[in-house]
Amino acid sequence: MLVNSAVITGKGADTAKGRSNGEVEQIRGLLRTRFDDLTAEYEEAVAENQKLRLVEIGDAAGDDQADSGSKTAERDAASSLIRTLLDRRTQAEHAMQRLEDGTYGNCEGCGKPIPVERLAVFPSATSCVACKSNRERRAG
């Protein structure tokens, strides 16, 4: 498994408690791959959005309300995708920084270890299940 319930302390892989250098490097590699994949997806989405805007500029003459509505919906969906990809990329970057700082794998709310299962599914997780549930209850 990539992570365990031990706390990382100190700076970098050499001082990580509870994880071997190999485990830390494996986590770092996973996060770096995720970041790189999200960056590529983000750049592709931005390029597609630019193409969509250029087509709209040259193709707007004679549009009726339905055409304008469809273009607006496409533009909104593209913008939403870009924001989502940027947010996920930022989360991966934050997780890599937490790994370097020695706080990766611990809840930012209560400081307790984040369950291994949660990190395996969502490596960028910053909160344990209890803190996440409490935050969602208050927001909803």
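Predicted model, so just to flag it, every value in this text is computed and none were measured.

S.K.: Now, about the side chain of R98: what can you tell me, with residues and values included?
M.R.: Mapped onto the elements of the fold, R98 is located in helix α2 (residues 65-101). By relative accessible area, R98 is classed as buried at 6%. In this structure the side chain of R98 is engaged in a polar contact, spanning 3.4 Å, whose partner is the side chain of E108. Each residue touching R98, except ones within four places of it in the same chain, is listed here: T103, Y104, N106, C107, E108, A125 and T126.

S.K.: Residues and numbers for the nonpolar core, please.
M.R.: In this structure, I27, L31, L99, Y104, C107 and L119 are the most contacted members of the largest nonpolar core, which totals 15 residues. Elements with a minimum of two residues in this core: α1 (21-58) and α2. Among the nonpolar cores identified, the runner-up in size contains 5 residues, and L38, Y42, I82 and L85 belong to it.

S.K.: Break down the packing of aromatic side chains for me, with residues and values.
M.R.: Applying the stated criterion across every chain yields a total of 0 aromatic pairs. Between R89 and the ring centre of Y42, over which it is positioned, the NZ or CZ distance is 5.0 Å.

S.K.: Describe the environment of D36, listing the residues and the values that go with them.
M.R.: Inspection of the secondary structure assignment puts D36 in helix α1. What makes D36 partly exposed here is its relative accessible area of 40%.

S.K.: Got a sec to walk through the side chain of N49? Specific residues and values, please.
M.R.: Topologically, N49 is positioned in helix α1. The class for N49 is buried, based on a relative accessible area of 8%. If we ignore the near neighbours within four places in the chain, the residues touching N49 are A78 and I82.

S.K.: So what's going on with the environment of K132? Residues and values would help.
M.R.: Among the secondary structure elements, K132 is positioned in helix α4 (residues 129-139). As for K132 and G109, which are separated by 23 residues in sequence, their C-alpha atoms are 8.9 Å apart.

S.K.: Run through the confidence of the model for the chain, naming residues and quoting values.
M.R.: Across the chain, pLDDT averages 80, with 78% of residues at or above 70. Between residues 1-17, whose pLDDT stays under 50, and residues either more than four places distant or in other chains, the model counts 49 contacts.

S.K.: I'd like a rundown of the pattern of salt bridges, residues and numbers included.
M.R.: Under the definition given, this model contains 6 salt bridges. The partner of E25 in a salt bridge is R28, with the nearest N and O atoms 2.3 Å apart. On the criterion of helical spacing, the pair formed by E25 and R28 is a turn pair, its members being 3 residues apart in helix α1. Ionic pairing is found between E108 and R98, a salt bridge with its closest N-O pair at 3.4 Å. Here E108, found in the loop between α2 and α3 (116-121), pairs with R98, found in helix α2; they are 10 residues apart in sequence, far enough to count as distant.

S.K.: Break down the state of the cysteines for me, with residues and values.
M.R.: Tallying each qualifying case throughout the model produces 0 disulfides. Looking at C110, it has no disulfide partner, and the nearest cysteine sulfur is the one in C107, 3.8 Å off. Classification of C110 by relative accessible area gives partly exposed; the value is 37%. In this structure C131 is a free cysteine whose sulfur lies 3.6 Å from that of C107, the closest cysteine sulfur available. We classify C131 as buried; its relative accessible area is 19%.

Cut-offs and rules
- Residues numbered from 1 in each chain as written.
- Predicted model: local features only at pLDDT ≥ 70, side-chain atom pairs only at ≥ 80, totals over all residues.
- Heavy atoms only, no water.
- Helix = DSSP H or I, 4+ residues; strand = E, 2+ residues; numbered from the N terminus.
- Buried < 20%, exposed > 50% of the residue type's maximum accessible area, 1.4 Å probe, protein only.
- Polar contact = N/O pair within 3.5 Å; in protein donor to acceptor, adjacent residues only side chain to side chain.
- Contact = heavy atoms within 4.5 Å.
- Core = buried A, V, L, I, M, F, W, Y, C linked by side-chain atoms within 4.5 Å.
- Phe/Tyr/Trp six-rings, centres within 6.5 Å; stacked < 30°, edge-to-face > 60°.
- Lys NZ or Arg CZ within 6 Å of the ring centre and 35° of its normal.
- pLDDT = per-residue confidence, 0-100.
- Salt bridge = Lys/Arg side-chain N within 4 Å of Asp/Glu carboxyl O.
- Disulfide = S-S within 2.5 Å.

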